[in-house]
Amino acid sequence: MSEDFRQQALHYHAYPVPGKIAIALTKPADTVNDLALAYSPGVAEPVREIAQNADNVYKYTGKGNMVAVITNGTAILGLGNLGPLASKPVMEGKALLFKRFAGLDSIDIEVKHRTIDEFVDTVANIADTFGGINLEDIKAPDCFEIEKRLIERCNVPVFHDDQHGTAIVTAAGMLNALELQGKQIEESVIVCLGAGAAAVACMELLIKCGAQREKIYMLDRKGVIHTRRDDINEYKQLFANNTDKRTLEDVIEGADIFVGVSGPDLLPADALKLMADKPVVFACSNPDPEIKPALAHAVRDDLIMGTGRSDYPNQVNNVICFPFIFRGALDVRASEINDEMKLAAVEAIRQLAKEPVPAEVVAAAGATSLAFGPEYILPKPMDPRLLPRVARAVAEAAVASGVAQIELPVGYMQG
Ligand SMILES: NC(=O)C1=CN([C@@H]2O[C@H](COP(=O)(O)OP(=O)(O)OC[C@H]3O[C@@H](n4cnc5c(N)ncnc54)[C@H](OP(=O)(O)O)[C@@H]3O)[C@@H](O)[C@H]2O)C=CC1
Ligand SMILES: CC(=O)C(=O)O
Ligand SMILES: [Mg+2]
């Protein structure tokens, strides 16, 4: 990152007011009458209504349009465990994206805690305030237990974005990239560098899309995860490969796919050279990918490359999912975000990339043209069609799979 860009980023966050989000009022509050309605005595009426019937909270408060972005700051992007306070700009960023792309109000909550129990209790005890809970940047393996326990305890959908948002976008982009490369996911050999939240969820969803578990090689800091290792947790165990291969170089030779969800500059150019013809390389670590696109393209001219960043083609980033999946889930009051809803999101995102791109999206992307191909495998986050397409597909899947608590509103997200 250049010094000039660093200063621009700091200035953006500091001025004209510190931070990226604020609270806005939705009702007039100017006159005595307004205040009598908004506060005492008028506020007592919706209180009584909600006390009589909890569903009325959706009628009289902002709960149904509000998502909490909750973290403990243990895996902030690829920057590591820098604690809850340092994670606040990222969490405000997620809130900004919820509002900008899906009209959802969102507040960031950074939790200091000693034990997993303490974190789970904290979140479970405040969950009813919100329409949904977006967990963010919580390191593995804690994130898996935290999410599971919160899903059990909360009455609103709980979704760990780094797991499922990333997996949905990765799967959509991967299926499109493989189609362009003329490959089948069922036959593809996959190398996944990283064995944490994003890695485990991405690989599980790719398997649901047809990938073969035995063709996946997952690596952590100690190398390939294989069946003779006795130092791997139960989540890595699911990807223990019965192989004699031990290093990245061993497994990447002849591989069709590389998914990086680990850290910066961890894929050497010489390793990339070993991949099969027409590989797909998603270097998703933020802010710095596992290999820089310029280096990757210099080494091979037959690859399709994606990164997590906004400033390169093919942004493989959960921003293309989480605002829209929550919109659909909240609009039918889904009790959970299940596999049917996730797969519906994959398909809706994937298909949108194949349609002509509106001129205003091309302009906002700073491109001269965008059309389905090696440099455009996923829709741009600012594509206004993402909201109706993904939210509708997700809401319909929630209704069809029996987790919606209200029907799809008439004429919902047509267009
Ligand atoms: N583009 C996107 O949308 C997203 C990108 N990401 C990126 O993915 C990365 C991981 O995030 P997340 O899964 O949430 O974090 P976790 O902390 O849950 O997992 C990090 C994983 O990376 C592995 N890792 C770290 N350094 C190395 C290394 N030198 N060699 C091999 N493996 C390594 C860790 O290995 P070990 O288990 O041995 O500690 C661990 O398995 C981050 O860079 C993040 O920015 C995450 C979510 C979304
Ligand atoms: C994009 C994102 O959520 C991450 O890198 O952690
Ligand atoms: Mg994240």
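If you're wondering where the values come from, they're calculated on a predicted model, not measured in any experiment. (Residues numbered from 1 in each chain as written. Chains lettered and ligands numbered in written order. Predicted model: local features only at pLDDT ≥ 70, side-chain atom pairs only at ≥ 80, totals over all residues. Heavy atoms only, no water.)

*Asks:* I would appreciate a short explanation of the coordination of the magnesium ion (ligand 3) in the present structure.
*Replies:* Six octahedral donors at a metal ideally form angles of 90 or 180 degrees, and four tetrahedral donors ideally form angles of 109.5 degrees. Distances from the magnesium ion (ligand 3) to its protein donors, Glu 136 (OE), Asp 137 (OD) and Asp 162 (OD), fall within 1.9 to 2.1 Å. Take Asp 137: its relative accessible area is 2%, and that puts it in the buried class. (Donors = N, O, S within 2.8 Å, 3.2 Å for Na, K, Ca; no water. Buried < 20%, exposed > 50% of the residue type's maximum accessible area, 1.4 Å probe, protein only.)

*Asks:* Honestly, the sheet that holds strand 3 (residues 132–135) in this entry has me stumped. Any pointers?
*Replies:* One key point about sheets: their strands pair by backbone hydrogen bonds, in either a parallel or an antiparallel sense. Spatially, 2-1-3-4 is the arrangement adopted by the four strands of the open sheet, whose pairing is parallel. The open sheet has two edge strands with one neighbour each: strand 2 (105–110) and strand 4 (158–160). Strand-to-strand twist of the sheet, defined as the mean angle between neighbouring strand axes without regard to direction, takes the value 20 degrees. Looking at chain direction, strand 3 and strand 4 are connected through three bridges and run parallel. Residue pairing for strand 4: Asn 134 is matched across the bridge by Phe 159. Its contacts with the sheet place helix 8 (residues 161–181) against strand 3 and strand 4, and it is angled at close to 75 degrees to strand 4. (Pairing = 2+ DSSP bridges. Helix = DSSP H or I, 4+ residues; strand = E, 2+ residues; numbered from the N terminus. Axes fitted to C-alpha atoms, helices over the stretch in contact; angles between N-to-C directions. Contact = heavy atoms within 4.5 Å.)

*Asks:* How should a nonpolar patch on the surface be read in this particular structure?
*Replies:* Residues Tyr 39, Val 43 and Val 47 make up a contiguous nonpolar surface patch of roughly 310 Å² in combined accessible area. Inspection of the secondary structure puts Tyr 39 in the loop between helix 2 (32–38) and helix 3 (44–52). (Patch = residues over 30% accessible without salt bridge, like charges linked within 9 Å, V, L, I, M, F, W, Y side chains within 5 Å. Areas by Shrake-Rupley, 256 points an atom, 1.4 Å probe, with all protein chains shown as cover. Salt bridge = Lys/Arg side-chain N within 4 Å of Asp/Glu carboxyl O.)

*Asks:* What exactly am I supposed to notice about the UniProt feature "binding site: a divalent metal cation" (unreviewed entry) in the protein chain here?
*Replies:* Mapped onto the present numbering, the UniProt feature "binding site: a divalent metal cation" (unreviewed entry) falls at Glu 136, Asp 137 and Asp 162. The named residues occupy 27 residues along the chain; their greatest pairwise C-alpha distance, 6.5 Å, places them in one compact cluster. What makes Glu 136 buried here is its relative accessible area of 1%. If near-sequence neighbours (up to four positions away) are discounted, Glu 136 is found in contact with Val 69, Ile 70, Thr 71, Met 91, Lys 94, His 160, Asp 161, Asp 162 and Asn 318. With residues near it in sequence (within four places) discarded, Asp 162 still touches Leu 135, Glu 136, Asp 137, Ile 138, Ala 197, Ala 198 and Asn 318. There is a polar contact of 2.5 Å between the side chain of Asp 162 and the backbone nitrogen of Asp 137. (UniProt positions renumbered as here; feature names shortened; annotations may be inferred. Polar contact = N/O pair within 3.5 Å; in protein donor to acceptor, adjacent residues only side chain to side chain.)

*Asks:* I tried to follow the packing of helix 8 against helix 15 (residues 339–352) on my own but got confused; where do I start?
*Replies:* The geometry of a pair of packed helices is captured by two quantities: the angle between their axes and the separation between those axes. Across the interface, helix 8 lies against helix 15 with an axial gap of 9 Å and an inter-helix angle of 45 degrees. By the criterion of interaxial angle, the relationship of helix 8 to helix 15 is oblique. Between helix 8 and helix 15 lies a crossing of right-handed hand. Where helix 8 abuts helix 15, its residues His 164, Ile 168, Ala 171, Ala 172, Leu 175, Asn 176 and Glu 179 lie against Lys 342, Ala 345, Val 346, Ile 349 and Arg 350. Residue composition of the contact of helix 8 with helix 15, grouped by class: seven nonpolar, two polar and three charged. (Parallel < 35°, antiparallel > 145°, perpendicular 65-115°, else oblique. Left-handed = near helix turned anticlockwise from the far one by under 90°. Nonpolar A, V, L, I, M, F, W, Y, C, P; charged D, E, K, R; others polar.)

*Asks:* Just checking my understanding: could you explain the nonpolar core for this structure?
*Replies:* Most often, soluble globular proteins keep nonpolar side chains buried together rather than apart. In terms of nonpolar packing, the biggest core is built from 99 residues, with Ile 133, Leu 150 and Met 203 touching the most fellow members. Here this core spans two domains, since at least three of its residues come from each of domain 1 (13–30 + 62–156) and domain 2 (165–414). Not counting the four nearest positions on each side in its chain, Leu 150 is found in contact with Phe 119, Val 120, Val 123, Ala 124, Leu 135 and Val 158. Grouped together as the second largest cluster of nonpolar side chains are 20 residues, Ile 252, Phe 258, Val 281 and Ala 283 included. (Core = buried A, V, L, I, M, F, W, Y, C linked by side-chain atoms within 4.5 Å. Domains from an automatic or database assignment.)

*Asks:* Explain the packing of helix 14 (residues 322–331) against helix 17 (residues 386–400) here, please?
*Replies:* For the pair helix 14 and helix 17, interaxial distance at closest approach is 7 Å and the crossing angle is 50 degrees. Classified by the angle their axes make, helix 14 and helix 17 are oblique. Once helix 14 is placed against helix 17, the crossing between them reads as right-handed. Taking contact as the criterion, the partners of Phe 324, Ile 325, Arg 327, Gly 328 and Ala 329 in helix 14 are, on helix 17, Leu 386, Leu 387, Val 390, Ala 391, Val 394 and Ala 395. Taken together, the residues of the contact of helix 14 with helix 17 sort by class into nine nonpolar, one polar and one charged.

*Asks:* What should I look at first to understand the site of ligand 1 in this one?
*Replies:* In the vicinity of ligand 1 lie 26 residues, with Ala 195, Arg 221, Lys 236, Ser 285 and Val 316 positioned nearest. In this structure, Ala 140 approaches ligand 1 through a main-chain N or O atom, which is 3.0 Å from an oxygen atom. Backbone polar atom of Ala 198 to an oxygen atom of ligand 1: 2.9 Å apart, as the coordinates give it. When the free accessible area of ligand 1 is taken as 920 Å², the share hidden by the protein chains comes to 85%. (Near = heavy atom within 4 Å.)

*Asks:* Looking at this structure, how should I read the packing of aromatic side chains?
*Replies:* Per the stated rule, a full pass over the model turns up five aromatic pairs. For the ring pair Phe 159 and Phe 326, a centre distance of 5.6 Å and an interplane angle of 85 degrees mean the geometry is edge-to-face. One end of the pair, Phe 159, is in strand 4; the other, Phe 326, is in helix 14, with 167 residues separating them in the sequence. Considered together, Phe 159 and Phe 326 belong to a single accessibility category, that of buried residues. These aromatic residues form a ring-pair network of at least three members: Phe 98, Phe 159, Phe 322 and Phe 326. Above the ring of Phe 239, the side-chain terminus of Arg 213 is found at 5.1 Å from the ring centroid. In this structure, Arg 333 packs its charged tip against the face of Tyr 58, placed 4.0 Å from the ring centre. (Phe/Tyr/Trp six-rings, centres within 6.5 Å; stacked < 30°, edge-to-face > 60°. Lys NZ or Arg CZ within 6 Å of the ring centre and 35° of its normal.)

*Asks:* Looking at this model, I keep getting lost on empty space enclosed by the protein. Mind explaining?
*Replies:* Over the atoms rolls a probe the size of a water molecule, and its path tells where empty space is left. In this structure the tally under the stated criterion is one cavity of 30 Å³ or more. The calculated volume of the largest cavity comes to roughly 60 Å³. Lining the largest cavity, in full, are Tyr 58, Gly 64, Gly 131, Asn 155, Val 156, Pro 157, Ala 329, Leu 330, Arg 333, Ala 334 and Gln 405. Looking at side-chain class alone, the lining of the largest cavity contains six nonpolar, four polar and one charged residues. Looking at which domains feed residues into the lining of the largest cavity, each of domain 1 (13–30 + 62–156) and domain 2 (165–414) supplies at least three. (1 Å grid on protein atoms, 1.4 Å probe; cavity = no way out; pocket = protein on both sides within 12 Å on 5 of 7 lines; lining within 4 Å. Points joined across faces, edges and corners; volume = space filled by probe spheres on them.)

*Asks:* When you look at the sheet that holds strand 8 (residues 257–260) in this model, what are you seeing that I'm missing?
*Replies:* Spatial ordering of the open sheet is given by 7-6-5-8-9-10, a layout of six strands whose pairing is mixed. Two strands in the sheet have a free side with no partner beyond their single neighbour: strand 7 (223–224) and strand 10 (304–307). Sheet analysis places strand 6 (residues 216–220) next to strand 7, joined by two bridges and oriented antiparallel. Among the inter-strand pairings, Asp 220 is bridged to a residue of strand 7, identified as Gly 223. Sheet contacts for helix 8: strand 8, strand 9 (280–283) and strand 10; angle to strand 9, the most-contacted strand, approximately 155 degrees. Relative to strand 6, helix 9 (residues 197–208) is tilted by about 175 degrees, and along the sheet it contacts strand 5 (190–193), strand 6 and strand 8.

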